[in-house]
Amino acid sequence: MGASHPEQELSLYDRSLLLDLDFSRSPAKFSPPISAANPGEPWMKVRPLQSGDFHRGFLQILSQLTSVGDVSLAQFLNRFAQMRASGDYYVTVIVDSRYDKIIGSATLVLEHKFIHGCSVRGRLEDVVVDDTYRGKQLGKLIVVTVSLLAQRLGCYKMSLDCKDKLIPFYKSIGYALEPGNANTMNIRYEQSNTVTPNRTAANEPPEIIDPS
């Protein structure tokens, strides 16, 4: 199921950022204690998304959360290259190394602001853990990991949207509802008439990866 040449794989970001996160800085309680560096099982690894994770079921785990669509290997690799070149996407996964399989994921997205002295806000997106791995604190582990990562990267706050039933979970790990701002509203667009955003000369498109 794994990629043919794992030694040639690229990571979305530097894995060393995860290895020394201080889990004592989170109000989350783990019993027994676990962390990104020591997730509780010798076969379990927490790491950045890699270019070979298409073959490890990354899109399949996302499909447990929402509709993914028919994404080809080329599309996956091109989006991976774009995210890696931007430096603002920190997709983090949990791997069952016994089967070389992705079993959980969460994404930290950095938003660059003019406010707060040109600060950076983090957004937590696409949190999912395989249903068959319940009872191992993995949902809490992946959320706390990316939350601490946001703090380490200098974010002034971390934001998320969640269903009402998940509010107690996020409260238990330090998130709070903001008075007067507890509702999420969206506008959704049809996909038929989309265009590619313009890029300036200072922001050239990343090199496209050819999977062939």
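Criteria and cut-off values
Residues numbered from 1 in each chain as written. Predicted model: local features only at pLDDT ≥ 70, side-chain atom pairs only at ≥ 80, totals over all residues. Heavy atoms only, no water. Pairing = 2+ DSSP bridges. Helix = DSSP H or I, 4+ residues; strand = E, 2+ residues; numbered from the N terminus. Right-handed = clockwise from strand over helix to strand, strands pointing away. Salt bridge = Lys/Arg side-chain N within 4 Å of Asp/Glu carboxyl O. Buried < 20%, exposed > 50% of the residue type's maximum accessible area, 1.4 Å probe, protein only.

Peer 1: Help me out: how do you make sense of the pairing of strand S5 (residues 155-159) in this one?
Peer 2: Working note: regular strand, side chains alternate between the two faces of the sheet. The sheet contact formed by strand S4 (residues 120-129) and S5 spans four bridges and is parallel. Of the residues in S5, the one forming a bridge with Arg123 is Ser159. Taken together, S4, helix H5 (residues 138-152) and S5 constitute a β-α-β crossover, and its handedness is right-handed.

Peer 1: Explanation requested: the pattern of salt bridges in the structure shown.
Peer 2: Applying the stated criterion across every chain yields a total of 15 salt bridges. The closest approach of N and O atoms between Asp20 and Arg152, which form a salt bridge, is 2.3 Å. With Asp20 in the loop between helix H1 (16-19) and strand S1 (44-48) and Arg152 in helix H5, this residue pair connects regions lying 132 residues apart in the sequence. Here Asp100 and Arg56 are joined by a salt bridge, their closest N and O atoms 2.8 Å apart. Of this pair, Asp100 sits in the loop between strand S2 (89-96) and strand S3 (101-112) while Arg56 sits in the loop between S1 and helix H2 (58-62); the two residues are 44 residues apart in sequence, bridging distant segments of the chain. When its relative accessible area of 26% is taken as the criterion, Asp100 is described as partly exposed.

Peer 1: Whenever I open this one, the environment of Met185 confuses me. Can you help?
Peer 2: Examined against the element boundaries, Met185 turns out to sit in the segment after helix H6 (167-172). Separated by 24 residues in the primary sequence, Met185 and Asp161 have C-alpha atoms spaced 9.9 Å apart.

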